[in-house]
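Structural overview
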Amino acid sequence: FEGCASSGFIFISKIFNISIDYLLDYEIDSLNVDKFINNLELCCKNNKFDVDINDIRLYCIKYSNNFKLHYASSEYLYFSFIKNNNNDYLDLALSYISKAILLYNDEYSDFVSLNYLHKSVAQIYMMQHKYDQAKKYIKSNNVFDCNELLAKCEFALKNYDDALKLSSQIYLKSA
């Protein structure tokens, strides 16, 4: 019976994308995860990317409902990609920023805006050369203040007239 119960918790955990700790109402060691988040932020600040990617994966699985962890992990992986040019980092960054968006609520608005998170998704798509996807994402999520990103997408997609129109709008706003 024990095996069935534990596999049931695992099944429910996977379906609802929540941790088993959460299902069992276990106390989560917030000090440990806060240290890890601070380390990721410090690495980004110091342009030092030596955190094992598997540690990031394990923390994000163990603390699957922690917004700040998913956000910090996505930022770390995004900047790691810039430094190391490893496409796996972008794929993971995209999954963690997407999870952060799902976990986002108003309590985080002083920390980061939802619009910024959506812009980050679009930028990751662009770094993956998925310009059409980035453009669709911006429009479908009503991401504002993105004319520059849209202009870059249009240019990359060889829609030069649209790129020029957007660039003109950017210029007129700044003048």
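Residues numbered from 1 in each chain as written. Predicted model: local features only at pLDDT ≥ 70, side-chain atom pairs only at ≥ 80, totals over all residues. Heavy atoms only, no water.

Notes on the packing of helix 5 (residues 67–84) against helix 7 (residues 114–127)
For the pair helix 5 and helix 7, the least separation of the axes is 12 Å and the interaxial angle reads 30°. One finds that helix 5 runs roughly parallel with respect to helix 7. The hand of the helix 5/helix 7 crossing is left-handed. In this structure, helix 5 contributes Phe67, Tyr71, Glu75, Tyr78, Phe81 and Ile82 to the contact, and helix 7 contributes Tyr116, Leu117, Ser120, Gln123, Ile124 and Met127. In the contact of helix 5 with helix 7, the residues fall into nine nonpolar, two polar and one charged. (Axes fitted to C-alpha atoms, helices over the stretch in contact; angles between N-to-C directions. Helix = DSSP H or I, 4+ residues; strand = E, 2+ residues; numbered from the N terminus. Parallel < 35°, antiparallel > 145°, perpendicular 65-115°, else oblique. Left-handed = near helix turned anticlockwise from the far one by under 90°. Contact = heavy atoms within 4.5 Å. Nonpolar A, V, L, I, M, F, W, Y, C, P; charged D, E, K, R; others polar.)

Examining the confidence of the model for the protein chain
Here the protein chain averages 88 in pLDDT, and 88% of its residues register 70 or above. Of all secondary-structure elements in the protein chain, the lowest mean pLDDT belongs to helix 2 (residues 20–23), at 62, while helix 8 (residues 131–140) reaches the highest, 97. (pLDDT = per-residue confidence, 0-100.)

Structural notes on helix 8
Those residues of helix 8 that fall on the buried side of the exposure criterion are Tyr131, Ala134, Lys135, Tyr137 and Ile138. Taken end-on, helix 8 shows its buried residues confined to a sector of 160°, consistent with a single buried face. What points out from helix 8, more than 90 degrees from its buried face, is the exposed set Lys136, Lys139 and Ser140. Asn142, located one to two residues past helix 8, shows a positive phi value of around 50°. (Buried < 20%, exposed > 50% of the residue type's maximum accessible area, 1.4 Å probe, protein only. Arc of directions from axis to C-beta.)

Considering the nonpolar core
One finds Ile56, Phe67, Leu69, Tyr76, Leu77 and Leu117 to be the most contacted residues of the largest nonpolar core, which totals 50 residues. Every element with two or more residues in this core is listed here: helix 3 (30–46), helix 4 (53–62), helix 5, helix 6 (87–103), helix 7, helix 8 and helix 9 (147–156). For Phe67, the contacting residues outside a window of four places in its chain are Ala100, Leu103, Tyr104, Tyr108, Phe111, Val112 and Leu117. (Core = buried A, V, L, I, M, F, W, Y, C linked by side-chain atoms within 4.5 Å.)

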